[in-house]
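Commentary on secondary and tertiary structure
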Amino acid sequence: MTSDRPALAAVGSRLRALRRARSVSLHELAAGTGVSSSALSRMENGHRKPTLAQLLPLARFYGLTLDSLIDPSAQARHVKLPAFERHGATYVQLSSQPGGIQVYRMTYQAPPVLPEPELCRHEGFLVLNVLAGRLRLVLGDRDLVLRAGETAEVDTSVPHGMAPADHQPIEALLMFGAQGERMAVAARTVRTPGNPHDRRVSERP
């Protein structure tokens, strides 16, 4: 459960070393990733823990997988893991190290019939970032729609489930961890006439 902490603690120095090795300024990196130069500086100095939404564009900018950005030794031991299907979605594991935080690419093909989310609960946390499409996220008594570019952090001890919000394909990145964290959803609920899924359910007190 704690094996990922040393790697996460070293992310700042890793990011600084990558940027300097490629002779990239903070302003150039900010322009290429969409992460502000002030946020990048705080991450490099260890004053701010990077989020999944910040690590993803950084990994793309440097041409690295997410796990090798966090832990450079992952590049040497990376293996191709088989995909599996669950609740109509296909998952491909992107992280190669056992234990700690696990990262998956999740895709839904365009469904002919919109399924209802199958709720489950377990210890840990989930961070998901939607890359394409619109993903319905049910979390306790909240019913949300995440669009491309939006991110949510989920306490998985709360009943939760995901499903397509419409008939378009979906691609998302998911990060699973063993330690429960407080949920902080960065999502916008979209109201679409005739779509009962686009609604905000009453918030928990």
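Each chain has its residues counted from 1, running along the sequence as written. Given that this is a predicted model, residues contribute local features only at a pLDDT of at least 70 and side-chain atom pairs are listed and counted only at 80 or more, while totals for whole chains, interfaces and linings are drawn from all residues. Calculated side-chain values reflect all of the structure's heavy atoms, with hydrogen atoms and water omitted.

Here we take up the confidence of the model for the protein chain. Along the chain, pLDDT gives the predictor's confidence residue by residue, from 0 to 100. Chain-level statistics for the protein chain give a pLDDT mean of 76 and a share of 74% at 70 or above. Under a pLDDT of 50 for its full length, residues 180-205 has, in the predicted model, 65 contacts with residues more than four places off or in other chains. Only heavy atoms enter the contact rule, under which two residues are in contact if any of them lie within 4.5 Å.

For two strands to pair, DSSP has to find at least two bridges joining them. The numbering of helices and of strands both runs from the N terminus, where a helix is a DSSP run of H or I of at least 4 residues and a strand a run of E of at least 2. Taken in spatial order, the three strands line up as β6-β5-β8 in an open sheet, and their pairing is antiparallel. Each edge of the open sheet carries a strand with a single partner, namely β6 (142-147) and β8 (160-164). Neighbour to neighbour, the strand axes of the sheet diverge by 25° on average, direction disregarded. As judged from the five bridges shared by strand β5 (residues 134-139) and β8, these two strands associate in the antiparallel manner. Its bridge partner lying in β8, L135 is registered against P164. Axis definition: a line fit to C-alpha positions, over the contact stretch in the case of helices; interaxial angles, taken between N-to-C directions, run 0 to 180 degrees.

Even without glycine at this site, S23 takes up a positive phi of about 55°. Its relative accessible area of 64% is what places S23 among the exposed residues. For H87, which is not glycine, the phi torsion reads 55° and is therefore positive. Its location among the elements puts H87 in the loop between β1 (84-86) and β2 (89-93). Partly exposed residues are those whose accessible area sits between 20% and 50% of the maximum for their type, while under 20% is buried and over 50% is exposed, using a 1.4 Å probe and protein chains only.

Right, let's talk about the packing of helix α3 (residues 26-33) against helix α5 (residues 52-62) for a bit. Packed helices, taken two at a time, are described by their axes: the angle between them and the distance between them. One can describe the packing of α3 onto α5 by two numbers: an axis separation of 9 Å at closest approach and a directional angle of 105°. It follows from the interaxial angle that α3 and α5 lie roughly perpendicular. Seen from α3, the contacting residues are L29, G32 and T33; seen from α5, they are P57, L58, F61 and Y62. Note on residue categories: nonpolar means Ala, Val, Leu, Ile, Met, Phe, Trp, Tyr, Cys or Pro, charged means Asp, Glu, Lys or Arg, and polar means any other residue, Gly included. Counted by class, the contact of α3 with α5 contains five nonpolar, two polar and no charged residues. We call two directions roughly parallel when the angle between them is under 35 degrees, roughly antiparallel when it is over 145, roughly perpendicular when it lies between 65 and 115, and oblique otherwise.

Let us now look at the nonpolar core. A general feature of soluble globular proteins is that nonpolar side chains tend to end up buried together. Core analysis: the largest hydrophobic core is formed by 26 residues, its most contacted members being L40, L58, Y62, L66, L69 and M175. Secondary structure elements with two or more residues in this core: α2 (11-21), α3, α4 (37-44), α5, α6 (66-70), β4 (125-132) and β9 (170-177). Per-element accounting of this core gives the leading share, six residues, to α5. What L58 contacts, discounting residues up to four positions off in sequence, is L15, L29, T33, L40, M43 and L69. In this structure, L128, L146, V154 and L174 belong to the second largest nonpolar core, which totals 18 residues. Only buried residues count toward a nonpolar core, which is a set of Ala, Val, Leu, Ile, Met, Phe, Trp, Tyr and Cys residues joined through side-chain atoms within 4.5 Å.

We now examine the pattern of salt bridges. The rule for a salt bridge is simple: a side-chain nitrogen of Lys or Arg has to be within 4 Å of a carboxyl oxygen of Asp or Glu. For the coordinates displayed, the defined rule picks out five salt bridges. The partner of R105 in a salt bridge is E171, and the shortest N-O contact between them spans 2.9 Å. Placement of the pair is R105 in strand β3 (residues 102-108) and E171 in strand β9, with a sequence separation of 66 residues. A relative accessible area of 32% places R105 in the partly exposed class. Classification of E171 by relative accessible area gives partly exposed; the value is 25%. A salt bridge links R136 to E116; its shortest N-O distance comes to 3.3 Å.

In this fold, D166 is placed in the loop between β8 and β9. Of the polar contacts made by the side chain of D166, one reaches the side chain of R134; its length is 3.1 Å. Reaching out from D166, the side chain makes a polar contact with the backbone nitrogen of Q168 at a distance of 3.0 Å. For D166, the contacting residues outside a window of four places in its chain are P111, L114 and R134. Identification of polar contacts relies on pairs of N or O atoms within 3.5 Å, with a donor-acceptor requirement for protein atoms, meaning one able to donate a hydrogen and the other able to accept it, and with residues adjacent in sequence counted only if both atoms are side-chain atoms.

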